[in-house]
Amino acid sequence: MALVLNISLCSTSKPHLSFSTFNSKASLFPLPLLGLNTKQSRQPSQKLAFSLAESVSSATLVALLSASFIFVDPALAFKGGGPYGQEVTRGQDLTGKDFSGKTLIKQDFKTSILRQANFKGAKLIGASFFDADLTGADLSDADLRNADFSLANVTKANLSNANLEGALATGNTSFKGSNITGADFTDVPLRDDQREYLCKVADGLNPTTGNATRDTLFCN
């Protein structure tokens with residue numbers, strides 16, 4: 001806070017000096033430059049104004065600091081990739097990464113490179129592999145119920161004994177060259193050409209559901 005010098009001129013009296021208070025941070029005329037002693041010039045009402053202003057300034061500073069913690073960088077929103085993960089997994093190069101046995105429910109692997117990644121026995125319920133590259137990945141014994149493989153490259157992957165009930169495989173999802181022995185494809189929407197190819201290599205029973213792989217694919 002600072003004092004502003006007001007000069008009133010009247011034709012019948014001497015010039016009258018008065019002082020008003022306002023925020024010193026915005027002041028263009030600091031009192032030291034005017035040769036005034038602020039301590040001597042302050043009246044009781046002005047001291048009260050100083051005190052109130054200081055309180056308001058402190059509250060404003062606290063509010064600004066609090067806001068800086070609330071409004072974080074949007075880029076951090078993907079940290080964790082999902083409610084159970086501890087790493088950023090969306091749009092990343094995770095070639096050869098070991099996720100075996102981990103609980104990664106609803107984990108976000110969209111557009112990630114997951115070549116030769118190890119997901120053996122992992123819980124990946126509702127995980128998203130949208131447009132991801134899973135070439136050569138190990139998904140054996142994994143719980144992939146309701147996972148999204150839309151547009152994903154799942155060629156030469158190991159899906160043996162995996163449970164894919166209700167998973168999505170729309171678009172150009174490819175399972176070419178993959179091991180699907182014992183995999184459960186119940187309620188997985190597949191194109192006719194996908195189904196035809198998988199039926200050529202389908203075999204075994206899923207150890208979790210007890211369903212025959214060929215039956216879940218509606219193979220003849």
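Residues numbered from 1 in each chain as written. Predicted model: local features only at pLDDT ≥ 70, side-chain atom pairs only at ≥ 80, totals over all residues. Heavy atoms only, no water.

Some thoughts on unusual backbone geometry
- Its identity as a non-glycine residue notwithstanding, Thr111 has a phi of 60°, on the positive side.
- Positioned with a positive phi, Asp187 is a non-glycine residue whose angle comes to about 60°.
- Position of Asp187 relative to the elements: it lies in the loop between α3 (44-70) and α4 (192-201).
- Taking relative accessible area as the criterion, Asp187 reaches 64% and is therefore assigned exposed. (Helix = DSSP H or I, 4+ residues; strand = E, 2+ residues; numbered from the N terminus. Buried < 20%, exposed > 50% of the residue type's maximum accessible area, 1.4 Å probe, protein only.)

Things to note about the nonpolar core
- Counting residues in each nonpolar core, the largest one holds 38 residues, and the members touching the most others are Leu114, Phe119, Leu124, Phe129, Leu144 and Phe149.
- Once residues within four sequence positions are removed from consideration, Leu144 is found in contact with Leu124, Phe129, Leu139, Phe149, Leu159, Ala162, Asn163, Leu164 and Ala167. (Core = buried A, V, L, I, M, F, W, Y, C linked by side-chain atoms within 4.5 Å. Contact = heavy atoms within 4.5 Å.)

What to know about α4
- Looking only at α4, the buried set comprises Gln194, Arg195, Leu198 and Cys199. End-on view of α4: buried residues confined to an arc of 130°, all on one side of the axis. Those residues of α4 that are exposed and angled more than 90 degrees off the buried face are Asp192, Glu196 and Lys200.
- Contacts made by the buried residues of α4 are with α5 (213-216). (Arc of directions from axis to C-beta.)

Note that every value here comes from positions in space, so none of it alone points to a role or purpose.
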